[in-house]
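Commentary on secondary and tertiary structure
Chain residues, written in single-letter form:
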Amino acid sequence: MAADTSTMWVPVCCSRVMRCNMFRQADGGAYAALVCTLCNKTITLEQEPAAAANNFGEGSSVLSLIGSPKPPKTERRNPFTEASSDDPTL
């Protein structure tokens, strides 16, 4: 059996994995919120059709993101210092 080498992005804040809450709207739509359980920072995620990826400009990419309503409470190692505006982008 071949090893799975694909990767995913893990939302982290305050050295912990952020909680992901998903909500259904009355009109049938949905959205999600990434929440830091330590500092209460919230990031709202809105759904878009995959075909809309072309509308976000040159260099944009679709990310695989993991979300959990009950993420592990273990502290994550910090492999780098906080990103600054001078850091090169990929």
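To start, this report covers the structure provided alongside it. Residue numbers restart at each chain and count upward from 1, following the sequence in its written direction. Selection of residues for local features in this predicted model requires a pLDDT of at least 70, selection of side-chain atom pairs for listing and counting requires 80 or more, and totals for whole chains, interfaces and linings are taken over all residues. The side-chain values count all of the structure's non-hydrogen atoms but skip hydrogen atoms and water molecules.

**Considering the layout of surface pockets**
The pocket and cavity definitions rest on a 1 Å grid over protein atoms only: a 1.4 Å probe that fits but cannot leave marks a cavity, an open set with protein on both sides within 12 Å along at least five of seven lines marks a pocket, and residues lining either have an atom within 4 Å of a point. Grid points are joined across faces, edges and corners, and a volume is the space filled by probe spheres set on the points. Estimates place the volume of the largest pocket at around 840 Å³. Along its surface, the largest pocket is lined by 26 residues, and Leu 45, Glu 46, Val 62, Leu 63 and Leu 65 are the ones closest to its centre. Helix numbering and strand numbering both begin at the N terminus, where a helix is a DSSP run of H or I of at least 4 residues and a strand a DSSP run of E of at least 2. Breaking the lining of the largest pocket down by element, the ones donating at least two residues are β3 (19-24), β4 (30-35) and β5 (42-46). Residues are grouped as follows: Ala, Val, Leu, Ile, Met, Phe, Trp, Tyr, Cys and Pro are nonpolar; Asp, Glu, Lys and Arg are charged; all remaining types, including Gly, are polar. Looking at side-chain class alone, the lining of the largest pocket contains 19 nonpolar, five polar and two charged residues.

**Quick look at unusual backbone geometry**
For Ser 15, which is not glycine, the phi torsion reads 65° and is therefore positive. Inspection of the secondary structure assignment puts Ser 15 in the loop between β1 (12-13) and β2 (16-17). Located in the positive-phi region is Asn 40, a residue other than glycine, with phi close to 65°. Here Asn 40 lies in the loop between β4 and β5. Classification of Asn 40 as exposed rests on a relative accessible area of 57%. Note on exposure labels: buried denotes an accessible area under 20% of the residue type's maximum, exposed denotes more than 50%, and partly exposed covers the range between, all computed with a 1.4 Å probe on protein chains only.

**Brief notes about the sheet that holds β5**
The three strands lie next to each other as β3-β4-β5, forming an open sheet whose pairing is antiparallel. Whereas interior strands pair on both sides, the edge strands pair on one side only; in this sheet they are β3 and β5. This sheet shows a mean twist of 20° between the axes of neighbouring strands, independent of strand direction. DSSP calls a pair of strands paired once it identifies at least 2 bridges connecting them. As paired strands, β4 and β5 are joined by five bridges and run antiparallel to one another. The residue bridging Tyr 31 from the neighbouring strand is Glu 46, located in β5. Whenever a helix is involved, its axis is fitted only over the stretch in contact; in every case the axis is a line through C-alpha atoms, and angles between N-to-C directions fall within 0 to 180 degrees.

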